[in-house]
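As a plain string of letters, each chain reads:
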Amino acid sequence: MASQRKHGGIVTSFWLFCGYCTSSIILGIFLKDGYFYIYTLLLFCQLAVYWGTTTWLTTFLVKQHGLDLKQMGLFASVPYVVAFFAMMLGGWLMDKVLHRMKPVAIIAYLGCIPVLWMLGAVEKGQTGMLLTSLLLVGFFINLNFGTVYAYVQKRYPQEVVGSATGLANGIGQMGSFVSPLVAGYLVKVGADGSQDFSNVFVFFASAAAVAALCAILLKEQKVKGNNEVVTDDKKAVV
């Protein structure tokens, strides 16, 4: 009996070791890929821009532009109305026109840079310019919001898509934490109690610029085991 238990323990340990080795090899497919970390930084910046803007938008409209609660509710909803069409357009561009996530991302992030800066620079009382800026911000921030998650599925084998997506998105969510926190320190309060958010939107525009750089650097070719990149006619080592 003792011999059987010992034998069973050895077999169990062997299979646990094999499982550990297999898991390490599978996870290494994306953990050893430098572009995975570029993508993670891109996702960090995208979520920083999205949640930073979302968190501070209502306060910005009330404090800097003096809107009442009803006006604020109307203006704050504008970006999310256009967001629906932007996400649909981004998906269509990726599927039917560009066939890749990268060009959609570059368009979205490069578009975010001037419109975020413009939103923070709109002076009080310029309602038409404020509304236009909000529409453009909602469009460009959300143009790539759906397609960005397709990168992992296009880049990595099916068996690691869940792990890669979870890790990248988990780290990326830190942008949702950091961005509103940093923005709070960038608001300038005048002697009369007025608040200026221009530096906040410069910060958001800077995050979009970093995301644009990451998008330019990304590679989308499919990766298999041993970090081999699969092209149409040959394999090339990353």
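Residues numbered from 1 in each chain as written. Predicted model: local features only at pLDDT ≥ 70, side-chain atom pairs only at ≥ 80, totals over all residues. Heavy atoms only, no water.

(A) Inspection of empty space enclosed by the protein at higher detail. One pass over the full model with this rule turns up two cavities of 30 Å³ or more. Here the largest cavity is characterised by a volume of approximately 80 Å³. If you trace the largest cavity, you find 13 residues lining it, with Thr53, Pro79, Tyr80, Val137 and Ile141 closest to the centre. Going through the elements one at a time, helix 2 (34-63), helix 3 (69-98) and helix 5 (127-143) are the ones with two or more residues in the lining of the largest cavity. When grouped by side-chain class, the residues that make up the lining of the largest cavity number nine nonpolar, four polar and no charged. If you trace the second largest cavity, you find it lined by Gln46, Val49, Tyr109, Cys112, Phe140, Ile141 and Ala208. Contributing elements (two or more residues each) for the lining of the second largest cavity: helix 2, helix 4 (102-121) and helix 5. Tallied by class, the residues present in the lining of the second largest cavity amount to six nonpolar, one polar and no charged. (1 Å grid on protein atoms, 1.4 Å probe; cavity = no way out; pocket = protein on both sides within 12 Å on 5 of 7 lines; lining within 4 Å. Points joined across faces, edges and corners; volume = space filled by probe spheres on them. Helix = DSSP H or I, 4+ residues; strand = E, 2+ residues; numbered from the N terminus. Nonpolar A, V, L, I, M, F, W, Y, C, P; charged D, E, K, R; others polar.)

(B) View of the nonpolar core. Core analysis: the largest hydrophobic core is formed by 62 residues, its most contacted members being Leu61, Leu116, Leu130 and Tyr156. Mapped onto this core, the elements with two or more residues apiece are helix 1 (2-31), helix 2, helix 3, helix 4, helix 5, helix 6 (150-155), helix 7 (158-186) and helix 8 (198-217). Ignoring any residue separated from it by four or fewer positions in sequence, one finds Leu61 in contact with Gly66, Leu67, Met72, Phe75, Ala76, Leu130 and Leu134. (Core = buried A, V, L, I, M, F, W, Y, C linked by side-chain atoms within 4.5 Å. Buried < 20%, exposed > 50% of the residue type's maximum accessible area, 1.4 Å probe, protein only. Contact = heavy atoms within 4.5 Å.)

(C) Summary view of the environment of Leu134. Tracing the chain through its elements places Leu134 in helix 5. Placed 59 residues apart in sequence, Leu134 and Phe75 show a C-alpha to C-alpha distance of 7.7 Å. Sequence-distant contacts of Leu134, defined by excluding residues within four places in its chain, comprise Leu57, Leu61, Phe75, Val78, Pro79 and Leu119.

(D) Structural view of the confidence of the model for the protein chain. Across the protein chain, pLDDT averages 83, with 82% of residues at or above 70. In the model of the protein chain, strand 5 (residues 235-237) stands out as the element of lowest mean pLDDT, 41, in contrast to helix 8, which has the highest, 96. Segment residues 6-25: pLDDT under 50, and zero contacts once partners within four positions in sequence are set aside and those in other chains are kept. (pLDDT = per-residue confidence, 0-100.)

(E) How the structure looks around a nonpolar patch on the surface. A grouping of Leu31, Tyr37, Leu167 and Ile171 is seen on the molecular surface, where their side chains present a nonpolar patch of about 340 Å² in accessible area. On the secondary structure map, Leu167 appears in helix 7. (Patch = residues over 30% accessible without salt bridge, like charges linked within 9 Å, V, L, I, M, F, W, Y side chains within 5 Å. Areas by Shrake-Rupley, 256 points an atom, 1.4 Å probe, with all protein chains shown as cover. Salt bridge = Lys/Arg side-chain N within 4 Å of Asp/Glu carboxyl O.)

(F) Highlighting the environment of Leu67. In this structure, Leu67 sits in the loop between helix 2 and helix 3. Its relative accessible area of 13% is what places Leu67 among the buried residues. C-alpha of Leu67 to C-alpha of Gly125: the two residues are 58 residues apart in sequence and 9.4 Å apart in space. Once residues lying within four places of it in the same chain are set aside, the contact partners of Leu67 are Leu61, Val62, Met72, Phe75 and Leu130.

(G) Seen up close, the side chain of Asp33. In this structure, Asp33 sits in the loop between helix 1 and helix 2. Engagement of the side chain of Asp33 in a polar contact is seen with the side chain of Arg155, the distance being 3.1 Å. There is a polar contact of 2.6 Å between the side chain of Asp33 and the side chain of Tyr156. (Polar contact = N/O pair within 3.5 Å; in protein donor to acceptor, adjacent residues only side chain to side chain.)

(H) The arrangement of the packing of aromatic side chains in detail. Counted under the stated rule, the structure contains 13 aromatic pairs. The interplanar angle of 75° and the centroid separation of 5.7 Å between the aromatic rings of Phe60 and Phe197 together place this pair among those described as edge-to-face. With Phe60 in helix 2 and Phe197 in the loop between strand 2 (195-196) and helix 8, this residue pair connects regions lying 137 residues apart in the sequence. A residue is classified by how much of its surface remains accessible, and Phe60, at 0% relative accessible area, is buried. The buried category is assigned to Phe197, whose relative accessible area is 0%. What links up through ring pairs into an aromatic cluster is the set Trp56, Phe60, Phe197, Phe201, Phe203 and Phe204. (Phe/Tyr/Trp six-rings, centres within 6.5 Å; stacked < 30°, edge-to-face > 60°.)

(I) A look at the state of the cysteines. This model, assessed by the stated rule, comprises zero disulfides. Among the cysteines around Cys45, which has no disulfide bond, Cys214 carries the closest sulfur, lying 5.7 Å off. With relative accessibility at 5%, the residue Cys214 sits in the buried group. (Disulfide = S-S within 2.5 Å.)

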